[in-house]
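The residues making up each chain are set out below.
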Amino acid sequence: MMGVRVLLPKYHAILEENGTAQYLDCKHIPVSFETSQSTDELWELHDETLRSFHVQNTIHSPSLLDLKIELADRLFQACCFCDHKCRVDRRKTPGVCGVQEARIATEFLHFGEETVLVPSHTIFFSGCTFQCVFCQNWDISQLPCGTSIAPEKLGNVIEQRKKQGAHNVNWVGGDPTSNLLYILQVLQNIDTNIAQVWNSNMYCSEETMKLLHGVIDIYLTDFKYGNDTCAKRLSKVDGYTAVVRRNHLLASEHGEMLIRHLVLPNHIDCCSKPVITFIAKHLSNSLVNIMAQYKPEYRAYEQKDIARSISPEEVLQVKEYAEKLGIHQI
Ligand code: SF4
């Protein structure tokens, strides 16, 4: 069984100042573009730059990060940040996620995440692309009413938290996906070498995944369901497995992976086992946290199958299955 250091080598290099956070490299990659260019032209330039970039010694303007912000701004105006693809102009109206401008519910140094991540500067956005009936953070995720904070100001807070010992910036919610433009704008305002963690349900669009490429160091994912029927009934999303599996594969190509799987009662055969099997087959270099803390919250009591806490036997069954398939558990 490989250790955490072996599976997250780049993250540890950043922690020890032997490596650079990807978003900082992005600022050192010169890109020449005009805002008058078409979106197709800018995507072509973006993708070509990612294929053959050269990180320079000095910060450039415009840089690859500036190009990503321009593309994110265009997506924001006909929103396709996640696979709901609402295509609403977020300057004027929210979509399914209920988020218009980015709102922060809270931020703090978190000591309750996986040991390798703590202390983690966790930034909780209001709003979510999912509507999970069992959400433990439903007050944050389903009621997008946090505080609006200017990107420069949050940048200052991140610099402060780094000085206080933060090992990383942990973008979460709800879900961070609706706030991609804002996150890139915050990163434009900081220069500290700190790893970026994308803590998400991974229902991102392909465009969002491309914009995260070269920015995110660790994907801290929430891989819940093994089929679309459970995802639709319990989280109100369509096409879950194709989108989330695709995004895990994309993420693993350009970042390090820490995958969380929350064991749900009565969902071992339909969800836990297919998720673990997929990870064993396609994401074998990932760290996996099999989570045993499920208890019915929010509207979970409306669904018979998940209206009770998880049993120790169910968790053990999933953990033994993962062990048999050679999963790197933490
Ligand atoms: S982030 Fe997703 S749910 Fe929210 S408006 Fe954009 S496409 Fe719709």
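Before reading on, note that the structure itself is shown above.
Reading guide: rules and limits
- Residues numbered from 1 in each chain as written.
- Predicted model: local features only at pLDDT ≥ 70, side-chain atom pairs only at ≥ 80, totals over all residues.
- Helix = DSSP H or I, 4+ residues; strand = E, 2+ residues; numbered from the N terminus.
- Rg over C-alpha atoms; globule rule 2.2 N^0.38 Å.
- Buried ≥ 20, exposed ≤ 12 C-beta atoms within 10 Å, placed from the backbone.
- Pairing = 2+ DSSP bridges.
- Contact = placed C-beta atoms within 7 Å.
- Axes fitted to C-alpha atoms, helices over the stretch in contact; angles between N-to-C directions.
- Core = buried A, V, L, I, M, F, W, Y, C linked by C-beta atoms within 7 Å.
- Near = placed C-beta within 6 Å.
- Nonpolar A, V, L, I, M, F, W, Y, C, P; charged D, E, K, R; others polar.
- Expected span 1.5 Å × (residues − 1).
- Arc of directions from axis to C-beta.
- Parallel < 35°, antiparallel > 145°, perpendicular 65-115°, else oblique.
- Left-handed = near helix turned anticlockwise from the far one by under 90°.

Novice: Hey, could you run me through the overall build of the protein in this one?
Specialist: Tallying secondary structure elements over the protein gives 13 helices and eight strands in all. Taken against the 2.2 N^0.38 rule, which gives 20 Å for 330 residues, the C-alpha radius of gyration of the protein at 19 Å falls within 12% of a compact globule. For the C-alpha atoms alone, the extent of the protein along its principal axes is close to 55 × 45 × 35 Å. Buried positions account for 45% of the 330 residues belonging to the protein.

Novice: Please clarify how the sheet that holds strand 8 (residues 328–329) should be interpreted in this entry.
Specialist: Whether parallel or antiparallel, the strands of a sheet pair through hydrogen bonds between backbone atoms. Taken together, the eight strands give an open sheet; going across it, the order is 1-2-3-4-5-6-7-8, and neighbouring strands pair in mixed fashion. Strands with a single pairing partner mark the edges of an open sheet, and in this sheet they are strand 1 (104–110) and strand 8. Of the pairings in the sheet, the one linking strand 4 (residues 195–200) to strand 5 (residues 218–222) comprises four bridges and is parallel in character. Each residue of the ladder has a partner; that of Trp-198, found in strand 5, is Tyr-219. The strands that helix 13 (residues 312–324) touches are strand 7 (287–291) and strand 8; relative to strand 7, the one it contacts most, it runs at about 165°.

Novice: Mind showing me how you'd approach the nonpolar core here?
Specialist: Most often, soluble globular proteins have nonpolar side chains that are buried together. Among the nonpolar cores identified, the biggest contains 92 residues, and Leu-187, Val-197, Tyr-203 and Ile-218 are the most heavily contacted of them. With seven residues, the top contributor of residues to this core is helix 8 (residues 180–188). Setting aside anything within four residues of it in sequence, one finds Leu-187 in contact with Tyr-23, Leu-65 and Val-215.

Novice: For this particular structure, what's the right way to read the site of the ligand?
Specialist: In the region of the ligand, 15 residues are neighbours, and Cys-79, Cys-82, Cys-86, Gly-95 and Cys-97 sit closest. Taken together, the residues of the shell around the ligand sort by class into nine nonpolar, five polar and one charged.

Novice: Looking at this structure, I do not really get the environment of Glu-207. What am I missing?
Specialist: For Glu-207, the location among the structural elements is in helix 9 (residues 206–212). By the C-beta count within 10 Å, which is 20 here, Glu-207 ends up buried. Each C-alpha atom of the pair Glu-207 and Lys-10 lies 24 Å from the other, and the pair is 197 residues apart in sequence. Once you skip the residues sitting within four places of it in the chain, Glu-207 turns out to touch Leu-75 and Cys-80.

Novice: Got a minute to help me understand helix 11 (residues 240–254) in this structure?
Specialist: Note on helix geometry: an α-helix contains 3.6 residues per turn, so any two residues three or four positions apart are oriented the same way. With 15 residues, helix 11 should reach 21 Å at 1.5 Å per residue; the first-to-last C-alpha distance of 22 Å fits that figure. Burial in helix 11 covers these residues: Tyr-240, Val-243, Val-244, Asn-247, His-248 and Ala-251. For helix 11, the buried positions fall inside an angular range of 130° around the axis, keeping them on one side. For helix 11, the exposed residues set more than 90 degrees away from the buried face come down to Ala-242 and Glu-253. Buried residues along helix 11 sit in contact with helix 9, strand 5, helix 10 (228–235) and strand 6 (256–262).

Novice: Would you explain the pairing of strand 3 (residues 168–172) in this entry?
Specialist: Here is the key point about a regular strand: its side chains alternate between the two faces of the sheet. Counting buried positions along strand 3 gives five out of five residues, so the element sits mostly inside the fold. Residues of strand 3 alternate between two faces, with Asn-168, Asn-170 and Val-172 on one and Val-169 and Trp-171 on the opposite face, all of them buried. As judged from the five bridges shared by strand 2 (residues 120–125) and strand 3, these two strands associate in the parallel manner. Residue pairing for strand 3: Thr-122 is matched across the bridge by Asn-170. As paired elements, strand 3 and strand 4 share four bridges and run parallel to each other.

Novice: What am I meant to see in the packing of helix 5 (residues 64–76) against helix 8 here?
Specialist: A pair of packed helices can be characterised by two numbers: the angle between their axes and the separation between those axes. Taken N-terminus to C-terminus, the directions of helix 5 and helix 8 make an angle of 155°; their axes are 9 Å apart at the nearest point. The angle between the axes of helix 5 and helix 8 places the two elements in the roughly antiparallel class. The hand of the helix 5/helix 8 crossing is left-handed. The segment helix 5 lies against helix 8, with Leu-65, Lys-68, Ile-69, Ala-72, Asp-73 and Phe-76 engaging Leu-180, Leu-181, Leu-184, Gln-185, Leu-187 and Gln-188. The class makeup of the residues in the contact of helix 5 with helix 8 is eight nonpolar, two polar and two charged.

Novice: When you look at helix 5 in this model, what are you seeing that I'm missing?
Specialist: Under the 1.5 Å per step criterion, the end-to-end length of helix 5 is 18 Å for 13 residues, consistent within 8% with the ideal 18 Å. Of the surrounding elements, those touching the buried residues of helix 5 are helix 3 (22–27), helix 4 (39–51), helix 8 and helix 9.

Novice: What's the story with unusual backbone geometry in this structure? I'm lost.
Specialist: With the exception of glycine, the majority of residues adopt a negative phi angle, and the majority of peptide bonds are in the trans configuration. The omega torsion of the bond from Val-118 to Pro-119 falls at -5°, within 30 degrees of zero and hence cis. Of note in the backbone geometry, Glu-17 takes a positive phi value of approximately 60° without being a glycine. Within the secondary structure layout, Glu-17 lies in the loop between helix 2 (9–15) and helix 3. The backbone of Lys-85 shows a phi angle near 45°, a positive value even though the residue is not glycine. One can find Lys-85 in the loop between helix 5 and strand 1.

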